[in-house]
Amino acid sequence: AVKLLVVKIDDGLKTLIKNLDKHIIESYYKEKINKIINEICLINKLKCHKNILAYEDYIVYKENESQSWNILVEMDYLTPLSLYYSQKPFSIKDAIKLGRDISRGLYEYHKSGKIHKNLKDSNIFLGKDGVFKIGDFILSEELFRSKDINSMKDSKYYMAPEVITKNKYSELSD
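In this text the structure is predicted, and so the values were computed from the model without any measurement. (Residues numbered from 1 in each chain as written. Predicted model: local features only at pLDDT ≥ 70, side-chain atom pairs only at ≥ 80, totals over all residues. Heavy atoms only, no water.)

**Brief notes about the overall build of the protein chain**
Stage number 1. Counting secondary structure elements, the protein chain contains six helices and six strands.
Stage number 2. In sequence order, the secondary structure elements of the protein chain are arranged as β-α-α-β-β-β-α-α-β-β-α-α.
Stage number 3. Looking at the protein chain as a whole, 40% of its 174 residues are labelled buried.
Stage number 4. Here the contacts in the protein chain between residues at least 6 apart in sequence split such that 61% fall between residues at least 24 apart.
Stage number 5. Working note: accessible area of the protein chain is about 10500 Å², and carbon and sulfur atoms make up 54% of it. (Helix = DSSP H or I, 4+ residues; strand = E, 2+ residues; numbered from the N terminus. Buried < 20%, exposed > 50% of the residue type's maximum accessible area, 1.4 Å probe, protein only. Contact = heavy atoms within 4.5 Å. Areas by Shrake-Rupley, 256 points an atom, 1.4 Å probe, with all protein chains shown as cover.)

In structure tokens, the structure reads:
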């Protein structure tokens, strides 16, 4: 499967940055892209863990017309959790397996010194092997760094209060 990540200039910023040097704008967005690529590299190091979604490869290219950069990320093809439990009754055994699998994946991610901060059902997937996996680490890191919590749509309903208020948080917040 391929996931498209778009890094673009927000419409509100376009008017503010009209007069800025294009090189300054470009370096700002290249820094954002490099942070995303660093996250991809970290996940690649963790891909041997069965409860973490594996990113296989990526490519970055610039869309000149829309002033955006696209990152295509190749990853395993998985079933989203919401689709899985909408097609099959979710048993107590499934719930226990889900909790165990996600806990194992988070433990491994936390050992790398990172905190997901955006763990929710849309970031949990089921592999063909019947193993639940955590995904969207890239989005959780970059969204949290670059956006106001209120602009994160439904994500804020899953976040710990200390993450929303940007107070001190830890892996316990996941």
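More follows now that the structure is in view.
**Let's talk about the sheet that holds strand β5 (residues 124-126)**
Stage number 1. Strand order in the open sheet formed by three strands is β4-β5-β6, and the pairing between neighbours is antiparallel. In this open sheet, the two edge strands, each paired with only one partner strand, are β4 (79-80) and β6 (132-134).
Stage number 2. Here helix α4 (residues 92-111) sits on the sheet and contacts β5 and β6; the angle it forms with β6, its principal contact strand, is near 35°. (Pairing = 2+ DSSP bridges. Axes fitted to C-alpha atoms, helices over the stretch in contact; angles between N-to-C directions.)

**Overview of the environment of Cys41**
Stage number 1. By the element assignment, Cys41 lies in helix α2 (residues 22-46).
Stage number 2. Assessed through its relative accessible area of 35%, Cys41 is described here as partly exposed.
Stage number 3. Separated by 14 residues in the primary sequence, Cys41 and Tyr55 have C-alpha atoms spaced 8.6 Å apart.

**Observations regarding the packing of aromatic side chains**
For any pair of aromatic rings, the description rests on two quantities: the centre-to-centre distance and the angle between the ring planes.
Stage number 1. The tally for this structure, following the rule as stated, stands at four aromatic pairs.
Stage number 2. Both rings, one in Tyr29 and one in Trp69, keep their centres 5.5 Å apart while their planes meet at 10°; by these two values the pair is stacked. Of this pair, Tyr29 sits in helix α2 while Trp69 is found in strand β3 (residues 68-75), placing the two residues 40 residues apart along the sequence.
Stage number 3. The class of Tyr29 is buried, set by a relative accessible area of 2%. (Phe/Tyr/Trp six-rings, centres within 6.5 Å; stacked < 30°, edge-to-face > 60°.)

**Description of the pattern of salt bridges**
Two side chains with opposite charge may pair up if their charged atoms get near one another.
Stage number 1. Scanning the entire structure with this criterion turns up four salt bridges.
Stage number 2. The closest approach of N and O atoms between Lys88 and Asp94, which form a salt bridge, is 2.9 Å.
Stage number 3. Under the relative-accessibility criterion, Asp94 is labelled buried at 12%.
Stage number 4. Glu108 is paired through a salt bridge with Lys111; the nearest N and O atoms lie 3.5 Å apart. (Salt bridge = Lys/Arg side-chain N within 4 Å of Asp/Glu carboxyl O.)

**Quick look at the environment of Leu172**
Stage number 1. Relative to the elements of secondary structure, Leu172 occurs in the segment after α6 (161-164).
Stage number 2. The class of Leu172 is exposed, set by a relative accessible area of 79%.

**Quick word on the side chain of Ser68**
Stage number 1. Relative to the helices and strands, Ser68 resides in strand β3.
Stage number 2. Since its relative accessible area comes to 4%, Ser68 is described here as buried.
Stage number 3. Ignoring anything within four residues of it in the chain, the contact list for Ser68 reads Val6, Val7, Lys8, Tyr61, Lys62 and Glu63.

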